[in-house]
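Next come the chains, spelled out residue by residue.
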Amino acid sequence: MKNRPIVFLGTSSFSLKTLAALCKARFNVVGVYSRAPKPAGRSYKVQKSVVHEYADEMGIPVYCPKNFKSDEEIDQFRALGADLAILSSYGLIIPQVLLNIPSHGFINVHASLLPRWRGAAPIRSAILAGDDKTGITVMRMDAGVDTGEIISMKSVDIFPETCHGELANKLGELGAEMILETLDDLDLHLSRSRQQPLLGISYSKKISKDLCRICWNDSVKNILRHIKAFSPEPASWTEIDLQSNEEKRSNIRLKVYDAKIVNFPANAPCGLIHENMIVSCQNGALWLTEVQADGKNRMSGDDFLRGRRNLVGKIAR
RNA sequence: CGCGGGGUAGAGCAGUUUGGUAGCUCGCCAGGCUCAUAACCUGAAGGUCGGAGGUUCAAAUCCUCCUCCCGCAA
């Protein structure tokens with residue numbers, strides 16, 4: 001497989017690990033597909049995806065079609081003459097015509113133990129659901145959403161303190177390793193692939209900004225999972241009402257990156273802020289250990305409260 | 001030129017509108033009280049107010065330019 005042409009499709013930093021591993025191991029990556037650069041960030045500049053940037057550095061040609069509906073795009077893909085395509089959190093649906101092009105088909109690196117958490121946000125879904133483990137599934141792609149035959153699977157523990165960032169990082173590395181293992185003897189692995197179980201199927205939804213808002217009426221466990229699942233990106237957030245005009249802004253928007261469960265005040269109203277940035281929830285309280293207010297740097301909850309002692313006793317919503 | 005917030009002691013902030021001795025809550029250091037402590041008391045150190053220029057008798061504060069950090073939106 002070492003010298004056979006491979007096409008890589010991916011967009012996120014999760015998928016970058018696999019591409020980087022392929023390049024390091026000197027596989028013959030003849031083309032990279034990634035999501036089209038789009039305006040983003042503070043100055044609204046057009047930005048390439050991390051995978052795109054990396055491929056540029058490596059001198060690999062990059063393609064960013066909006067979809068694969070036109071013959072042009074399909075012909076272009078065919079022209080690369082790849083024997084195999086490797087896909088990892090790419091972002092576009094791959095039609096059957098395209099799947100048929102490489103002689104060895106498409107291989108996908110998916111960050112869950114399939115068939116659990118098929119779809120867009122498998123890692124967050126696992127944390128949100130309170131799963132105690134998740135993992136990587138390497139599979140052959142078919143036209144369905146993450147429904148292909150399984151080549152290999154490895155699991156990783158999720159601890160209560162695990163956040164999305166570190167988990168995604170860990171899984172990205174595991175995925176890269178597993179792809180290298182697969183390529184070590186591709187034919188053997190392909191011949192051993194097996195269908196996904198029919199039981200235990202679940203789908204993960206795409207996340208929205210709304211979903212990231214903390215609901216303080218929820219249980220401490222659920223809120224902590226929520227915080228972990230969205231940390232550090234895009235981060236759970238809440239708003240603190242300042243009622244009067246004692247501050248210039250009428251309220252403060254606060255991102256919460258990390259928290260710990262504490263059994264401090266019982267029976268306090270949900271959302272009530274106590275000393276040290278401890279906030280009451282349904283059946284306990286969370287100590288917000290790492291936060292960030294609008295326009296400010298990330299800091300500990302203690303520090304945040306230091307210059308805003310008037311916040312104790314206010315309600316987070 | 002997408003919209004907006006910010007840079008003041010090691011940390012988090014006030015002070016800028018109306019120019020006139022550099023402040024608060026912590027931390028740090030020393031001492032004291034305690035069986036003891038993250039508690040309490042006393043004392044001390046620590047800042048060319050992001051940078052450059054300008055106005056002024058006088059600039060953290062007013063004017064111009066630069067730079068760095070951050071939130072929103074997409």
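Residues numbered from 1 in each chain as written. Chains lettered and ligands numbered in written order. Predicted model: local features only at pLDDT ≥ 70, side-chain atom pairs only at ≥ 80, totals over all residues. Heavy atoms only, no water.

So, a nonpolar patch on the surface
Phase 1: A surface patch of nonpolar side chains, about 410 Å² in accessible area, is lined by Ile93, Val145, Ile201 and Tyr203.
Phase 2: With respect to the helices and strands, Tyr203 occurs in strand 11 (residues 203–204).
Phase 3: Look at Tyr203 and you get partly exposed, because its relative accessible area is 48%. (Patch = residues over 30% accessible without salt bridge, like charges linked within 9 Å, V, L, I, M, F, W, Y side chains within 5 Å. Areas by Shrake-Rupley, 256 points an atom, 1.4 Å probe, with all protein chains shown as cover. Salt bridge = Lys/Arg side-chain N within 4 Å of Asp/Glu carboxyl O. Helix = DSSP H or I, 4+ residues; strand = E, 2+ residues; numbered from the N terminus. Buried < 20%, exposed > 50% of the residue type's maximum accessible area, 1.4 Å probe, protein only.)

Topic: the environment of Leu186
Phase 1: Relative to the elements of secondary structure, Leu186 occurs in helix 7 (residues 186–191).
Phase 2: Leu186 sits in the buried class, given a relative accessible area of 5%.

Description of the confidence of the model for chain A
Phase 1: Taken as a whole, chain A shows an average pLDDT of 93; of its residues, 97% reach a score of 70 or greater.
Phase 2: Predicted as a complex, the structure gets a pTM of 0.90 and an ipTM equal to 0.88. (pLDDT = per-residue confidence, 0-100.)

Some words on the environment of Thr182
Phase 1: Mapped onto the fold, Thr182 is located in helix 6 (residues 164–184).
Phase 2: In this structure, the C-alpha to C-alpha distance between Thr182 and Asn251, residues 69 residues apart in sequence, is 53 Å.
Phase 3: The contact partners of Thr182, leaving out residues within four places of it in the chain, are Ile107, Val138, Ile151, Ser152 and His189. (Contact = heavy atoms within 4.5 Å.)

Structural notes on the protein's contact with RNA strand B
Phase 1: If you check the shell around RNA strand B, you find 21 residues, and the closest are Arg42, Asp294, Gly295, Asn297 and Asp303.
Phase 2: Those atoms of RNA strand B that come within 4 Å of the protein belong to sugar or phosphate at a rate of 61%.
Phase 3: With three residues, helix 9 (residues 301–306) is the largest single contributor of residues to the surface near RNA strand B.
Phase 4: Class assignment of the residues belonging to the surface near RNA strand B gives a composition of five nonpolar, six polar and ten charged. (Near = heavy atom within 4 Å. Nonpolar A, V, L, I, M, F, W, Y, C, P; charged D, E, K, R; others polar.)

Considerations on the packing of helix 1 (residues 13–24) against helix 2 (residues 50–58)
Phase 1: Remark: helix 1 packs on helix 2, axes separated minimally by 9 Å, with the N-to-C direction vectors making an angle of 20°. The pairing of helix 1 with helix 2 is recorded here as roughly parallel in orientation. For the pair helix 1 and helix 2, the crossing hand works out as right-handed. Counted together, Ser13, Ser15, Leu16, Leu19, Ala20 and Cys23 of helix 1 and Val50, Val51, Tyr54 and Met58 of helix 2 form the full contact between these two elements.
Phase 2: Classifying every residue of the contact of helix 1 with helix 2 gives eight nonpolar, two polar and no charged. (Axes fitted to C-alpha atoms, helices over the stretch in contact; angles between N-to-C directions. Parallel < 35°, antiparallel > 145°, perpendicular 65-115°, else oblique. Left-handed = near helix turned anticlockwise from the far one by under 90°.)

Digging into the packing of aromatic side chains
Phase 1: Within the structure shown, the criterion is met by five aromatic pairs.
Phase 2: Consider the rings of Tyr33 and Phe68, whose centres lie 5.7 Å apart with planes at 45°: the pair is tilted. Of this pair, Tyr33 sits in strand 2 (residues 29–33) while Phe68 sits in the loop between strand 5 (62–63) and helix 3 (71–79), placing them 35 residues apart in sequence. In this pair, the class of Tyr33 matches that of Phe68, namely buried.
Phase 3: An aromatic cluster of three or more residues is present, and its members are Tyr33, Tyr63, Phe68, Phe77, Tyr90 and Phe106.
Phase 4: One residue, Arg253, lies across the ring of Trp237, its end atom 4.0 Å from the ring centre. (Phe/Tyr/Trp six-rings, centres within 6.5 Å; stacked < 30°, edge-to-face > 60°. Lys NZ or Arg CZ within 6 Å of the ring centre and 35° of its normal.)

What about the pairing of strand 9 (residues 133–140)?
Phase 1: Across the eight residues of strand 9, six count as buried, placing the element largely inside the fold.
Phase 2: Relative to strand 9, strand 7 (residues 106–110) is paired through four bridges, and the arrangement is antiparallel. Pairing of Ile107 across the sheet is with Arg140, part of strand 9. (Pairing = 2+ DSSP bridges.)

A closer look at the nonpolar core
Phase 1: Counting 37 residues, the largest nonpolar core has Ile136, Leu171 and Leu183 as its most contacted members.
Phase 2: No other element matches helix 6, which puts seven residues into this core.
Phase 3: If we ignore the near neighbours within four places in the chain, the residues touching Leu171 are Phe14, Ala111, Ile123, Thr134, Gly135, Ile136 and Val156.
Phase 4: Judged by nonpolar contacts, the second largest core, of 24 residues, contains Ile227, Ile240, Met277 and Val279. (Core = buried A, V, L, I, M, F, W, Y, C linked by side-chain atoms within 4.5 Å.)

Some remarks on the sheet that holds strand 10 (residues 150–157)
In a beta sheet, neighbouring strands are held together by backbone hydrogen bonds and run either parallel or antiparallel to one another.
Phase 1: Spatially, the seven strands line up as an open sheet ordered 5-2-1-6-7-9-10, and their pairing is mixed. Edge positions in the sheet fall to strand 5 and strand 10, since each of these pairs with one other strand and no more.
Phase 2: Here helix 6 sits on the sheet and contacts strand 1 (6–10), strand 6 (84–88), strand 7, strand 9 and strand 10; the angle it forms with strand 10, its principal contact strand, is near 150°.

What to know about the pairing of strand 2
Phase 1: The element strand 2 is largely enclosed, with a buried count of four among its five residues.
Phase 2: Considered for its hand, the β-α-β crossover made up of strand 1, helix 1 and strand 2 is right-handed.
Phase 3: By the bridge criterion, two bridges tie strand 2 to strand 5 in an arrangement that is parallel. In the sheet register, Tyr33 faces strand 5, and the bridge partner there is Tyr63. (Right-handed = clockwise from strand over helix to strand, strands pointing away.)

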